[in-house]
Amino acid sequence: MAEKQKMKFWSIVLLTINSIIGTGIFLSPGSVAKLSGSLAPWIYLCAAVFASVLAITFASAAKYVTKNGAAYAYSKAAFGENAGLYVGITRFVAASIAWGVMATGVVKTTLSIFGYDSNNTLYITIGFLVLMIILMIINLTGTGILTFVSDLSTIGKLLALGITIIAGIIILLQTGHTNLSEINLLKDASGENLIPSMTVTGFVTAVISAFYAFTGFESIGSGASDMENPEKNLPRAIPLAIGIVAAIYFGIVLVSMFIDPKALITSKEVVVLASVFKSKIISNIIIYGALVSMFGINVAASFHTPRIFEAMAKEKQIPAYFDKRTANGVPMRAFFITALLAIVIPMAFGYNMMGIMIISSISRFIQFIVVPLGVISFFYGKNKEEVLDAKKNFVTDVFFPLLSVVLTIFLLVKFNWAAQFSLKTESGEMVTNWYAISAMVIGYVVLPLALFMSRKNEK
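Conventions and cut-offs
Residues numbered from 1 in each chain as written. Predicted model: local features only at pLDDT ≥ 70, side-chain atom pairs only at ≥ 80, totals over all residues. Heavy atoms only, no water. Salt bridge = Lys/Arg side-chain N within 4 Å of Asp/Glu carboxyl O. Helix = DSSP H or I, 4+ residues; strand = E, 2+ residues; numbered from the N terminus. Buried < 20%, exposed > 50% of the residue type's maximum accessible area, 1.4 Å probe, protein only. Phe/Tyr/Trp six-rings, centres within 6.5 Å; stacked < 30°, edge-to-face > 60°. Lys NZ or Arg CZ within 6 Å of the ring centre and 35° of its normal.

## Here we look at the pattern of salt bridges
- For the structure on display, the rule yields four salt bridges.
- With a closest N to O distance of 3.1 Å, Lys63 and Asp397 form a salt bridge. Highlighted residues: Lys63 in helix α4 (residues 40-64) and Asp397 in helix α16 (residues 394-414), separated in sequence by 334 residues. The pair Lys63 / Asp397 is uniform in exposure class, with both members buried.
- Ionic pairing is found between Glu310 and Arg325, a salt bridge with its closest N-O pair at 2.5 Å. Placement of the pair is Glu310 in helix α12 (residues 280-314) and Arg325 in the loop between α12 and α13 (332-348), with a sequence separation of 15 residues.
- Judged by its relative accessible area of 2%, Glu310 falls in the buried class.

In C-alpha cells:
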C-alpha cells in the first residue's frame, strides 16, 4: 500500500492562516482602538509576538506527541491523567466559549442586516437557538456540506479583508489625507476623552483583546502525524503564518484608522470595519464577507468542539455516555452539552462582544502555562507517559516555553479582572456580574471537580 502523502511546509502555513483568520479581526478592531487609540496597530503586533512565542512552544510539543487532542494530549503525556483531564475539560470550555463568540457575531450581524435591533437580548437568544438547530442539521447531513461551507467561508473572509485594504489604500491615495492624529483627541458627549490614558493594565487588556484575533494556532499541532517533518516544519511554518496574518491585521487596522478612526471607535455596528467606509458597496461586501466567514467558522466549531469532549470519553476520562454516536456518526450527546455552554457563557456576559472575546482569550491561558511546562519536561525526560524520541532543541524546547510562561503570567497578573466581571448600570454605576462569575466557576471549578469525582467512582 502506498504511503499516505503528508502535508508539506506551505500547506501547513496555509492551514495555519485559515485557522487563525476568523471572527476576531472583523469584531475586535473597534474595541482595541478604544483601549489604545493610535497605538492600536502596534497592539496587534504585540499580540502577534505573544502568539508567535506560544505557537513555537505548541509546535515543539507536537514533535513529541502526535496523538489527537493537542493541549489535552500534551498535558496528559507530560503530567499524567489528572493534568490531562483538567487541561482537556478547560480546553473544551474555552473552545465552547470561542464558539459562543462566533455564534454571537453571526447572530448579531444577521439581525443588523435584516434591520432588527442587534442588541436586543430576546432577539439574540432566539437567533442563537435557530443557529444551533441549523448547525445540528448541517452536522447530520455529513462532511460534504461541512467542507463546502468551510471553503466558502475562506473565500468570503479573504475577499472581505482584501477589499478592505485595497479600498483603503485607494481612498488614501485619492484624498491624500489621513485622520490618524485625530483619534487621541476624540471626545464623548460629555466632553471627556474617548481614549483613556495608556497604563500597564490598559495595555495588557488591549493586547489580550487583540490576541483573540490570533487564536486558533494552538490546535494546528493536532495533525502533526499527517505533516512532513513536523519537528522541522511546524516551528517554522506557524510563526511565519502568524507573521503574515499580523501584516494583514496591521494593514487593515492602520488603513481603517487613517480613513475614519471615529467610526472605528464609536460605531455600534457588529462588523465595525464596515462602518469605516462611506461607500455602501464596499461596506456591504465587508459585512456579507464577514457573515459568510463567521457562519463557516460556526459550522467548523460545531464539528470540532464536541469531538474534544468525545475524545476524552474515548480515553475513559469522562463518562462513556458522551462517547455514543447516532446512526449517522454524529456525537449528538457531546454536541448538546457543547451547544449549551456556547449559549450560556455569552448570555452570562450580556452578549457583550468585547467581554466574551477577552474571556475567550483568558480561558485559553491555562493551557498556555501547562503545555510550555510540559515541553520542558519532554526535553529533560521527566514526562509521565512515553513520548516520541524527537530531536531536542534548547531554544524551542526550553527557552521559548519559559518565555511563554513568563508572558502568560505577566498578562494574567496585570489584567483588569474587576472590570471584566463587572457591569455598568444605566446610571453609570459598576456592579459585580455574578452571572459571569458563576459561569466561569462552573466551567473551571465545578465541572472539572464533578468529572474528577465521577472518574474516581468509576475506578
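## What about the packing of aromatic side chains?
- Scanning the entire structure with this criterion turns up 22 aromatic pairs.
- Taking 5.7 Å as the distance between ring centres and 80° as the angle between the ring planes, the aromatic pair formed by Tyr116 and Tyr123 counts as edge-to-face.
- Tyr123 gets classed as partly exposed once you look at its relative accessible area, which sits at 34%.
- Relative to Phe368, the ring of Phe365 has its centre 5.5 Å away and its plane inclined at 50°; by these criteria the two rings are tilted. An identical accessibility class is assigned to Phe365 and Phe368; each is buried.
- Among the aromatic residues, ring-to-ring pairing joins Phe50, Phe58, Tyr74, Phe211, Phe365 and Phe368 into one connected group.
- Just above the ring of Tyr321 sits the side chain of Arg333; from NZ or CZ to the centre is 4.0 Å.

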